[in-house]
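Structure at a glance
One-letter residues, chain by chain:
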Amino acid sequence: MSSWDHSLKRCMTKRLIQPNGCWYFSGKARTQSAIPDKGYPVTRVKINNEWAVKKVARVVAMTIGIPGEGPHICHRCNDPECWNPEHLRWGTHKSNMRDKIDAGTNLAGEAHNLVKLSLTQVGEIRERAALGESHRSISEDYPVNRRQISRIISGARWSQF
């Protein structure tokens, strides 16, 4: 039995099936997330005599197999805690980001936890620039620098708003 198979077997003993079909860890699980008790459940796998922390979804993909092509594991259910192989597929970074946008789980704009401006302020910045005010002058009234003001006006930032 390979280390991947052994890790999957360990994970299966901790599987808690949700009503929507998602698989969660029962009890406490280590996660790869800044938010405690949220994110991707992880487990250890021995690779070439060294222990590595891997996402449980990757362990499932490497042992059971999942459809698709690409280096990333994408969740059809949009739940990062889920590791049900029926909810997983291989994909690219671009396809995974598109899935997040389509599902509304992409933290962008005011939803992002590090945001410094509101959507209203972004509109004001663009209006002031359209009237000919300098980017430097605009930046003095907001908690961002001139470079960010320029990016907002050009559409490099806040482009979807």
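Fair warning: this is a prediction, and the values are worked out from it, not measured in the lab. (Residues numbered from 1 in each chain as written. Predicted model: local features only at pLDDT ≥ 70, side-chain atom pairs only at ≥ 80, totals over all residues. Heavy atoms only, no water.)

1. Here we look at the packing of helix H1 (residues 3-12) against helix H2 (residues 56-63)
Condition: Helix axes are fitted only over the stretch in contact, all axes being lines through C-alpha atoms; the angle between N-to-C directions runs from 0 to 180 degrees. Runs of H or I in DSSP of at least four residues are treated as helices and runs of E of at least two as strands, each being numbered from the N terminus. By the definition adopted for this analysis, an angle is roughly parallel if under 35 degrees, roughly antiparallel if over 145, roughly perpendicular if from 65 to 115, and oblique otherwise. Put simply, a crossing is left-handed when the front helix is turned counterclockwise from the back one by less than a right angle, and right-handed when it is turned clockwise. Any two residues whose heavy atoms approach within 4.5 Å are treated as being in contact. Throughout this entry, Asp, Glu, Lys and Arg are counted as charged residues, while Ala, Val, Leu, Ile, Met, Phe, Trp, Tyr, Cys and Pro are counted as nonpolar. The remaining residues, Gly among them, count as polar.
At their nearest, the axes of H1 and H2 sit 9 Å apart, and the two run at 125 degrees to each other. Looking at the two axes, H1 sits oblique to H2. Read as a crossing pair, H1 and H2 show a hand that is left-handed. Along the contact surface, H1 presents Trp 4, Asp 5, Ser 7, Leu 8 and Cys 11, while H2 presents Val 56, Arg 58, Val 59, Val 60, Met 62 and Thr 63. In terms of residue class, the contact of H1 with H2 is made up of seven nonpolar, two polar and two charged.

2. Regarding the environment of Phe 25
As a reminder, the rule being used: For the exposure calls, accessible area comes from a 1.4 Å probe over protein chains only, and a residue counts as buried if that area is under 20% of its type's maximum, exposed if over 50%, partly exposed in between.
Relative to the helices and strands, Phe 25 is located in strand E2 (residues 23-25). With relative accessibility at 12%, the residue Phe 25 sits in the buried group. Once you skip the residues sitting within four places of it in the chain, Phe 25 turns out to touch Cys 11, Lys 14, Leu 16, Pro 41, Val 56 and Trp 83.

3. Describing the packing of helix H4 (residues 119-130) against helix H6 (residues 146-154)
Between H4 and H6, whose axes approach to 9 Å, the crossing angle comes to 85 degrees. Relative to H6, the element H4 is oriented roughly perpendicular. Between H4 and H6, the contacting residues are Val 122, Ile 125, Arg 126 and Ala 129 on the first element and Ile 149, Ile 152 and Ile 153 on the second. Counted by class, the contact of H4 with H6 contains six nonpolar, no polar and one charged residues.

4. Here's the deal with the packing of aromatic side chains
As a reminder of what qualifies: Aromatic rings from Phe, Tyr and Trp, taking only the six-membered ring of Trp, are treated as a pair when their centres fall within 6.5 Å; an angle between ring planes under 30 degrees marks them as stacked, one over 60 as edge-to-face, and anything in between as tilted. Whether a charge sits over a ring comes down to the Lys NZ or Arg CZ being within 6 Å of the ring centre and within 35 degrees of the ring normal.
Within this structure, the stated rule accounts for one aromatic pair. Both rings, one in Trp 23 and one in Trp 83, keep their centres 5.3 Å apart while their planes meet at 85 degrees; by these two values the pair is edge-to-face. Of the two residues, Trp 23 is situated in strand E2 and Trp 83 in the loop between strand E6 (72-75) and strand E7 (88-91); the sequence distance between them amounts to 60 residues. For Trp 83, a relative accessible area of 0% corresponds to the buried category. Positioned above the aromatic ring of Trp 23 is the side chain of Arg 15, whose terminal nitrogen or guanidinium carbon lies 4.6 Å from the ring centre. In this arrangement the basic side chain of Arg 44 is found over the ring face of Trp 51, its NZ or CZ atom lying 4.3 Å from the centre.

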